[in-house]
Structure formats: structure tokens, C-alpha cells
Amino acid sequence: MKARHKRMALILGGLAALGLIAAFVLNALNDNLAFFYSPSDVQAGKAPQNKVFRIGGLVQNGSLSRQADGVTVSFVVTDTAHHIDVHYKGILPDLFQEGKGVVAQGKLGADGIFTASEVLAKHDENYMPPEAAKALEQAHQAGSGNPDAKTVTPASPSPATGK
Amino acid sequence: MSMINWFKFSAPSTFYPLAGRLIPVFWALFAILALAGLWVGFFVAPTDFQQGEGYRIIFIHVGASWMSMFTYLVMAFWAGMGLAFNTRLSGMMASALAPTGALFAFISLWTGALWGKPMWGAWWVWDARLTSELILLFLYIGFIALTHAIDDTRRADKAGAILALVGVVNVPIIYFSVKWWNTLHQGASVSLTKAPAMASIMLWGMLLCALAMWMYSLAVALMRVRVIILERERHTDWVKELLAKRSQ
Amino acid sequence: MYWNSFSDFLAMGGYGFYVWGSFGVTALVMVLEPLLITRRRRATESRLTRQIRAEARQEHA
């Protein structure tokens, strides 16, 4: 085999290998790079059974309660269609708030309660001064007459619609 | 613009002095834009309703992330030009861009970690956005390592070009990851298809900083490509004349 | 102006470590990169100049 042919074969082989890797990576991404499952996914049985996984959604308004010890909390994660009770013992991130996005990692018990070992806050992509946020919320409440309005702007998608 | 002019422009001997004249222009623009961007970012833009002062990391994080993706596209473009037309300058441009792109990918990941810890509660998570940006950094490092490992510059350029072109698939994956998959990372605040989800003065600060990074990248990549031109064209008469003039 | 004092500015509402950690490292690498390129350029120029002189001497000899 001539040197030129050898080099060509090497380049083609490398290219094929890279393409194959890319195909595998894309495939893997497609299958299980969903960072979390929504309560509806869990309801539909899409979440892994008896394994640690993450659920994501919004913290339902009025659902957060703290135990007497101050570090054990329970709250409800909702995607508006379905919801899951979550128990967690630990420190909550700064942005953890009722009505805002959350991702919790843990196991789903037989009783339907999700025991979280880690809770992350998922914030939206809106940035504005506090006065503007307040004005928007007031306008939103006046417009819809719904004091439980959970999104600050109508344009902000709920984290549960990611799929 | 005819093809002949274009190829003349891409001759290293023509491009070298042109780049030399452009570098100070880009540095000056960088200085103006960076000062303006930092001024707006720290002294004009108000605090954020959710993240307080912590959101100010956005003024570098977003620009650096954009630069890391855009620089990769430009690098892949030059790599493709090199494969298609066998022009000498193309490989040099790709090699000059890679370290700067890697640097911005690093800044994006670094500032992202420092932002994620206080806001999300984690320095790092393996969600699709963060993972694909990390892959981008590895692609840059892979390109640099591969092209340095091969002594013959023509072959090094070719091998690097193939890697760069294959890696292009990763750029749309990064960009759309927050739409295609459930991620911890939020969606885009600024995109071509909808109104920006930011107060306009915050947006201005971010855009000024991003433009400053553009100017920085142009200046630095041109500085590096001039060194690469000297190294690769050292046997040509014009480089010998240039260096003889300098040393007198 | 949002900052009542310089220490207020440094504190960044409690996020000082994260904000200055981001801006500091970014500034550092953006200063280092052009410096490293300039150093590489000087090294390349003097190396090539020496080579050219050596070649010229050989031709004369």
C-alpha cells in the first residue's frame, strides 16, 4: 500500500470513527439527557422505578412547610396537571421559593412521597428590577383577578413544558 | 468582489500587514466597549428582582458563551476553506482562533459554576446545556492537541480541519439544548425569535460586554495569526526582508 | 448610583465572592492571553532573525 493510500485510509477511518462517536453521543443525548422528569412523566410511568432520579416543576403556592427542627421541609412539586409531595432535609438554595421552579433528586417511595437528597432551584430567564417585577405582578393580578398568578410575565414558560 | 481579489487578500504576505494595522483598531474598540459595558453593568443596571446583585455575572457569562460558540463556527469555516481550496492562510486562521475559543469556553464554564452555586445550589450539574458546553471546551483542546501532535503543518491542518468540521454538530446542540431537553439551565433571555426577557438597560450592559469580547477576540486572534504566519512563512523572501529590516 | 460605599460595592449584596470570582478570573485570562502571544512573538522574531543571520554568514563564507 502506497503512503498516500495509507494516509487516505487513516483519514477516512478517523472520520468514520468520529462520525460514529457523534452518532452515539447524539443518540445518548436523545434518550436520557432529560435532566429531570415532570410530575406528569412520573404519573405516566416514564421515571425509573426504585432508582434515584430527579423531578422538576414548580413549588406549589402555600405548600411549603417546615418541621420544628428547622431543616426538614416538605413541599409539593407541580406541573399544573399533576403533583408530587416532596420531603427534604437540608439547606435550600437562595432562589427556592413557592411558585418558582425546582429540581429535586431522590427516590419515590411506595407511599407516593418523593424523598429528596438534593434540591436545586431552577430560575427563569427573566431579568428585571424589583420595581418592574412588582408592577408587572400587580398588572397581572388586576388583569386576571387571580392572586395565585405564579409567573411574573406571560412569556415565561413553566419548567415543566421543556419536553 | 471578484474571486481573484479575495485570494490575493488571503495571501499571507498581504494579510500580515493588514492584520497589523487592524489590531490597534480592535484594541481601541475593545477598551471603549469594555469600559462602557462595565460602567452600565455595575453602575447603571439595577439589581435583579430574583437574584439581587448576583445576576451581574451575566455581563460576562453570556458574552463569553456566545463567543465560545461563534468562534468555533468561524474556526470550522476556515478549516473547511482550507480543505476545499487548500489556501495557506485558512489553516493558520483556524489554529489562531482555537486557543481564544477555548478560553471563552473556559470563562463560560467558570462563571457559570460561580453563578450556579448561589442561585441553583450546585457548582455543576450534568444537564444538556452544561455538558455540551464542556464538550465544546474538549473539542477546542482536542483540536489544539491534534494539530500540535503532527509535525507536517499541511497534514496537521487537514486533521484539525476534519475534527473541527465534525465538531460543528455540537454548536446547535449547545444552543438548542435548553429547548430540546429538560435542563436545569434556563431558556434563552435573548433570541432572534422573541422579545428579550430582560430589562433594556441590563440588556444594553450585556450587549456592550459581548461586543467588547468580540473586539478582544478579533485583536487577539489577529495577533496570534501574525506569529503563526511568521513561523510558517519563515523561508519566504518577504518574511526574511521583514526581519532583516527589523534587526537593523 | 446603587452603592452606598465602596465596601457595599465589594459585597455585591452578599454575592461578592461569586461576582468578583467571575470578573477577576475573566480579567486575569484576558490579560494573560495577549501577554503570552506577545512573548511568543518576540521569541519567534529573535529566533528567526538569528537563523537568517546564520544563513547569511554561511553564504558569505
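Everything below is about the structure shown above.
Summary of the structure given here. The written sequence of each chain sets the order in which its residues are numbered from 1. To read the labels, note that chains go from A and ligands from 1, taken in the order they are written. Per-residue local features of the predicted model are confined to residues with pLDDT of at least 70, and side-chain atom pairs are confined, for both listing and counting, to 80 or more; whole-chain, interface and lining totals are unaffected and use all residues.

### Topic: the overall build of chain A
Here comes step 1: For the purposes of this entry, the term helix denotes a DSSP run of H or I that reaches at least four residues, the term strand denotes a run of E that reaches at least two, and both are numbered from the N terminus. A tally of regular secondary structure across chain A gives three helices and six strands.
Here comes step 2: Helices and strands appear in chain A in the N-to-C order α-α-β-β-β-β-β-β-α.
Here comes step 3: With 163 residues in all, chain A has 30% of them scored as buried.
Here comes step 4: Within chain A, residue pairs in contact and separated by at least 24 positions form 50% of the contacts whose partners lie at least 6 positions apart. Any residue whose C-beta has 12 or fewer other C-beta atoms within 10 Å is treated as exposed, any with 20 or more as buried, and any in between as partly exposed, C-beta atoms being built from the backbone. Contacts are defined on C-beta atoms placed from the backbone: any two residues whose C-beta positions lie within 7 Å are in contact.

### So, the interface of chain A and chain B
Where interface size is quoted, it is often the accessible area lost as the parts come together.
Here comes step 1: Across the contact, 34 residues belong to chain A and 30 residues belong to chain B.
Here comes step 2: Of all the secondary-structure elements, those providing two or more residues to the side of chain A that touches chain B are helix 1 (3–32), strand 6 (113–122) and helix 3 (130–144) of chain A.
Here comes step 3: At seven residues, the largest contribution of residues to the side of chain A that touches chain B is made by helix 1 of chain A.
Here comes step 4: Three classes are used: nonpolar for Ala, Val, Leu, Ile, Met, Phe, Trp, Tyr, Cys and Pro, charged for Asp, Glu, Lys and Arg, and polar for all others, with Gly counted as polar. Among the residues forming the side of chain A that touches chain B, the class breakdown is 23 nonpolar, six polar and five charged.

### Considering helix 2 (residues 16–60) of chain C
Here comes step 1: One fewer than the residue count of a helix, multiplied by 1.5 Å, yields its expected span. Here helix 2 of chain C is 45 residues long and its end C-alpha atoms lie 66 Å apart, about the 66 Å a rise of 1.5 Å per residue gives.
Here comes step 2: Among the residues of helix 2 of chain C, those classed as buried are Tyr18, Val19, Ser22, Phe23, Thr26, Met30, Ile37 and Leu48 of chain C.

### So, the pairing of strand 1 (residues 53–59) of chain A
Residue and element names in this part refer to chain A.
Here comes step 1: Extensive coverage of strand 1 is indicated by the burial of six of its seven residues.
Here comes step 2: Relative to strand 5 (residues 101–108), strand 1 is paired through six bridges, and the arrangement is antiparallel. Residue Gly56 lies in a different strand from strand 5, and its bridge partner there is Val103.
Here comes step 3: Across two bridges, strand 1 lies against strand 3 (residues 72–78) in antiparallel orientation. Note that in strand 3 the partner of Val59 across the bridge is Val77. At least two DSSP bridges between two strands are needed for those strands to be called paired.

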